[in-house]
Structures are given as structure tokens and as C-alpha cells.
Amino acid sequence: MSMQEKSSSTTSKAIDLSHHLSELSKARKPSPLKSLQKYVGRPGLISLAGGTPDPAYFPFASLSADALLPDAFPRTKPSESSLLGWFWSIFGKPSEKTARFTVPKYRAQPGDVDLATALQYSPVTGMQPLQEFIHNFTSKVFKPAYSDWTTLVHTGNTDGFHRSMVTFCNPGEHVLVEEWTYPSTMNDIQSLGMFATPVKVDGEGMSAVDLEHVLSTWDESVRKAKRPHVIYTIPVGQNPTGATMGVERKKAIYQVCVKYDVIIVEDDPYYFLQEGPYNVKEQRSTAKTTPQLQKGEDEETRYLNSLEPSFVRFDYQGRVIRLETFSKTIAPGSRLGWFTCNPVFAERLERQGETTTMAPCGFSQSLITQLLSKHWSFSDFIRWLQGLQTQYIIRRDFFVDCIFEEFEVRPTSDSQLLEVFGSKLPVFTAYVKTGEHQRKRGMAEKTHMHSEKTPLFSFVPPSAGMFVWLKFHLQDHVVVDPDAPIEERIDTKVWTDLAEHGLLVAPGMMFGAQLYDDQSTHSPKRTVPYEIGYRVSFSMGTQENMRAGVKILAEVLKKYVKF
């Protein structure tokens, strides 16, 4: 079984939520070979039972890597005057400081990471040292609110999501999702014969008010389906909108889920990319600033306390399945992450893994386990995460700064927009720059120009994640036909125009969950506004490329502007 909580300040255990298991999950039996595992490792045992190759035939005598130091990136953002030097150091082939570590074929002592174990057929639960690191990390960072929580490895959050859907949902059932969400998960829901039912979002992600509305008004006789009992959410740096849920929103959603007996699949790949609010360039300090430590607080504690807590922090019943991954903190190709959930759910997820993905790749397990548990320490990994956070703050700030440079950007005063975004963060609207507007309209109308300008797009600079969600107002400039085929929609035309000019962004329509709602005649179609949006990422690219991309955006949009 997966790692169990060995100590906890709480005494309450998860309630019985086994009625949420799918029929397929209930039918799964332990692998017949699992009965052999309890004897593996017994001293003096002669095993002729398994079809396992002798490690002597593995062609790898050892596996070595040169890893960056935990403090490779600074904890705090450099001053504005030194940012040019920072970009040169990042994008100008910097001299990296590294330290080498090695995974040997055979362990020298118990508890060591070794290739003979990592590259062999192994339990779905993963290598023991990795289990221990993950469990300790979850205990210290996420702090689940009940005593018998457990962790279980998976091969990345996409795998974790798929296993969750198969374990908790039956074909024909509905899953509640944010109205704009990650399309690969929606495709998975659809391929499993299930349906995604959208819940409205605002600047903090999924709306607790609309979640309550959807659940309270669900009519099984009309829908021909049971009321949904699973929600899927990306609560931090939401993909694609960039929204981040605060504590009160998470508590409100959790209480709705308790009221209607719903479980929460919390997909949180961007958790450690929490960047904080964006400040316009003119308002930023030109000096380095280090956050003030509270009495008795150290840098590690300050950093962990600054992060928005996970749903599991409030989960006193065990109804959250948290999906965590190393994809954004180590590397996406590692295909390694873990579940945090109650033991009943973990056991069923484990059974599914026995017949599908098996254990994660041994190369990934051995390298990451050796890095985090032997080469680094818990504190070293936290220091690494702090450095990553700073890098994404700098990237976010620079990209948004480019928008301010290429467009005339003002705080939004439109009450409808403010209601849609519903954000605690500032909402901005972009217009063609004044100089461009003057050339189009002529200097004679200069005095009336400011009030007559038509907005191009609105956005909230994200406080976490990798994306800026641009909500376009093209309907104010051109005729928009909401019933047009996808290839003839104005947002498709603009997207194609951008790509032809050398800028690729993600078209908003691909993130619309309404595309995956019940397509049968039984489903009452909820009103879906014709919303034009694009997801733009600032996670990769040089300073020059980011600035050039925003320039292309500005130039292409001029073709569609009504003056």
C-alpha cells in the first residue's frame, strides 16, 4: 500500500466515501501477482517465481547527472535597474554551477537508491525512498486536515486525472468543471463516455455561487443523468485563465461539496508558481526588497506560509483527491507525480495502476529520488522552489510590461467587465496607443479621442502560473456571427492572422468546456456567450521574443480596429 500518515496533530479520520467509486473500480481485484510481493525481500528467500530479468543484464552500470545547485536562482527579484543583466545571464548562455550525483547499479546499504531496484518491475507505489520523500513533503507543505491521509505516485497529472475519472465516474455521468479549462482532460472525459458540465468562473476561478446553482437546480428527469458527484478544478494559475483561488473561495466550494456530497479532483501543477500581484512598472521599487520576516520565522517558513493553501488543508472529510506533479518544478518529461487522498480511494487508484501504467519510469524515479532525498534535502528543494517562483515573477512582469508598452492600458471601469472578472486583482483594458489613434482619426478630433476610444481586450495580470488570458472585444469593432462555423469565426481569423505573422497563441475556443457538455437532446443548453479569448504564455522565450510577440499582436489587431 501507499505511505500512511505516521503522525498528525489531528485525530479525525476520513469519512466513508466509498459510494463514490465507479462500478469498474468496485469490480477491480488485486493483481494475482501482488500476493507474491509480501514475501519479496525476506532474508534467505530463494525466489524463482517472477519473470524478472537479472539486473546483471541491465546495460547501465550507473546513472549520473550534473544538477544545478538549489540556490541557482535568487530568492528575490533583482532591482529594475539590474534586470537587463538578469536577462543576459538567463538567455546569454550563462555559466551554470552544478554538482554531480550518481545512482549506482547496486545499493551499498538499505535505503539507498539503486538501478537494480529502479529499473526492475516494481510495485505501483514506487520506490520506498521516493514514497518517504513525497509523504514527508506533503505533511510539511500541504498539511491535510485529517489523520489517515495517504499518498500514491502516478505518472504525471494527466495520468492522475484519467485514473481519477475511471475510479469515480461511470459512463454517462457528468463531471463539473470550470467553464474554461484544460482541453486534454475534457477530451479524456468525452472519450470515457462522460460529459463535462461547465461552472462559471471569475478572477478567482470556479464560482462557488454558480456551483451551488448548478447542483441545486439539477433535474435528473430532464438531464437523464444523476446529479454530478465529482468536480475537477485547477485552483492555482488556472489553465487557461490564470486565476487563483483564495482561502475563502476554496472554503466556500468545499462547503458546497459537503452539502451535496461531491468529491473534488484538485489538479494543481502550478502551485509553486505563485507570483503574487502584478505592480505596474512605475510603481515598483528600484531597490531589491526582501520580505520582512516575522518573529521566530525563517525564510523557508515565510515562503511556505505565503502560498495559498491547497484544498486538502480544509479537507476534514477526505473528499479531495489532490494531483501533484514534478512537471513544473523539475521537468515535464519526468512523468512523475502523486495523489494525496484518503486510503480507500488510494487503494482503488492503486488497483487501477496495476493493470495500466504500472510504476512510473525507473529512470525518472531514480534520478528524482536521488536528487531530492540524497543529493538535496527538503530545505534544498524548498530553496529551489523559491528560486523558480522568482523567475516566473520576472517573466510575468516583463511580459505584462510589454503589453503596457505596445498598447494604451487603463484600469477597467466597465461594471460588466468587473463583474465577469470578479477579481480581487486589478482588471486592465487595452486600447490602440494614442499616437496610432490620432493618425487614423486626424488631429482635428484629438479633444474627443480619449472618450471615444473602443477597447481591444481586457485582462487580469495573473498572480500564479504561466498564462495571461486576453478577453477580446472584437465585437465592438467588427460584425460577429455567433453561429458561424469555427473556421469562419472572427477569433479563428485573428488567430490565423497572428500565426501567419509569426505569433502562435492558444485560441480560447479550445478551452471551452461547453463543447464537452451533454450532446444528447436531453440536455438543456445553458446560455454560452460568444466570448473571444486567447491564452498567451510567458513561461518560455527570450526577452526579445516576448517583446516581438506583443508587437505582432499590436500590429495585427490594428487591422480589425474601428476608429
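Conventions we followed
- Residues numbered from 1 in each chain as written.
- Predicted model: local features only at pLDDT ≥ 70, side-chain atom pairs only at ≥ 80, totals over all residues.
- Heavy atoms only, no water.
- Pairing = 2+ DSSP bridges.
- Helix = DSSP H or I, 4+ residues; strand = E, 2+ residues; numbered from the N terminus.
- Contact = heavy atoms within 4.5 Å.
- Axes fitted to C-alpha atoms, helices over the stretch in contact; angles between N-to-C directions.
- Polar contact = N/O pair within 3.5 Å; in protein donor to acceptor, adjacent residues only side chain to side chain.
- Parallel < 35°, antiparallel > 145°, perpendicular 65-115°, else oblique.
- Left-handed = near helix turned anticlockwise from the far one by under 90°.
- Nonpolar A, V, L, I, M, F, W, Y, C, P; charged D, E, K, R; others polar.
- Buried < 20%, exposed > 50% of the residue type's maximum accessible area, 1.4 Å probe, protein only.
- Expected span 1.5 Å × (residues − 1).
- Arc of directions from axis to C-beta.
- Right-handed = clockwise from strand over helix to strand, strands pointing away.

Draft legend 1. Layout of the sheet that holds strand β13 (residues 408-411). The sheet built from six strands is open, its strands ordered β13-β14-β15-β16-β18-β17 with antiparallel pairing. Both edges of this open sheet fall to β13 and β17 (506-507), since each of them pairs with a single strand only. Across four bridges, the pairing between β13 and strand β14 (residues 428-431) is antiparallel. Considered in β14, the bridge of Pro 411 is made with Phe 428. Packed on one face of the sheet, helix α14 (residues 378-406) meets β13, β14, β15 (457-459), β16 (467-472) and β18 (532-537) and runs near 150° to β15.

Draft legend 2. The arrangement of the side chain of Arg 249 in detail. Mapped onto the elements of the fold, Arg 249 is located in helix α10 (residues 247-260). Polar contacts involving the side chain of Arg 249 include one to the main-chain carbonyl oxygen of Met 206, which spans 2.8 Å. Contacts of Arg 249, omitting those with residues within four sequence positions, involve Asp 202, Glu 204, Gly 205, Met 206, Ser 207 and Ala 208.

Draft legend 3. Representation of the packing of helix α8 (residues 208-216) against α10. One way to put it is that α8 packs onto α10 with a least axis distance of 9 Å and a crossing angle of 10°. In terms of orientation, α8 lies roughly parallel with respect to α10. At the point where α8 passes α10, the crossing takes the right-handed sense. On the side of α8, the interface is formed by Ala 208, Leu 211, Glu 212, Leu 215 and Ser 216, while α10 contributes Arg 249, Ala 252, Ile 253, Val 256, Cys 257, Lys 259 and Tyr 260. Residues belonging to the contact of α8 with α10 are distributed by class as follows: eight nonpolar, one polar and three charged.

Draft legend 4. Structural context of the packing of α14 against helix α19 (residues 543-558). Viewed as axis vectors pointing N to C, α14 and α19 meet at an angle of 35°, and their least axial separation amounts to 9 Å. As α14 packs across α19, the resulting crossing turns out to be right-handed. Between α14, through Arg 395, Phe 398, Phe 399, Cys 402, Ile 403, Glu 405 and Glu 406, and α19, the contact on the second element is made entirely by Gln 543, Met 546, Arg 547, Val 550, Lys 551 and Ala 554. Across the contact of α14 with α19, the residue classes break down as seven nonpolar, one polar and five charged.

Draft legend 5. Main features of the side chain of Gln 274. The residue Gln 274 is located in the loop between β10 (263-267) and α11 (299-306) in this model. The buried category is assigned to Gln 274, whose relative accessible area is 8%. A polar side-chain atom of Gln 274 sits 3.0 Å from the main-chain carbonyl oxygen of Tyr 271. At 2.8 Å, the side chain of Gln 274 forms a polar contact with the backbone nitrogen of Glu 308. Those residues within four positions of Gln 274 in sequence are excluded, and the remaining contacts are Val 236, Ser 306, Leu 307, Glu 308, Gln 389, Ser 463 and Ala 464.

Draft legend 6. Structural detail: α10. The end-to-end C-alpha distance of α10 is 20 Å, a good match for the 20 Å that 14 residues give at a rise of 1.5 Å each. Among the residues of α10, those classed as buried are Arg 249, Lys 250, Ile 253, Tyr 254, Val 256, Cys 257 and Tyr 260. Buried positions in α10, seen along its axis, are confined to an arc of 155° and lie on one side of it. Turned more than 90 degrees off the buried face of α10, the exposed positions are Glu 248 and Lys 259. For α10, the elements touching its buried residues are β7 (201-202), β8 (205-206), α8, β9 (230-233), β10 and β11 (320-325). Just beyond α10, the residue with positive phi is Asp 261, at close to 55°.

Draft legend 7. Expanded view of the environment of Val 505. If you trace the backbone, Val 505 turns up in the loop between α18 (490-500) and β17. For Val 505, a relative accessible area of 10% corresponds to the buried category. Residues Val 505 and Gly 549, spaced 44 residues apart in sequence, show a C-alpha to C-alpha distance of 9.5 Å. In contact with Val 505, not counting residues within four places along its chain, are Trp 495, Leu 498, Tyr 534, Arg 535 and Val 536.

Draft legend 8. Main features of the pairing of β10. Within β10, five of the five residues are buried, which leaves it mostly tucked inside the rest of the structure. Covered by surrounding structure in β10 are Ile 263, Val 265 and Asp 267 together with Ile 264 and Glu 266, the residues of both alternating faces. Here four bridges tie β9 to β10, and the two strands are oriented parallel to one another. Each residue of the ladder has a partner; that of Thr 233, found in β10, is Glu 266. Crossover β9 to β10 through α10 is right-handed. Note that β10 and β11 share four bridges and pair parallel. The residue of β11 that forms the bridge with Ile 264 is Val 320.

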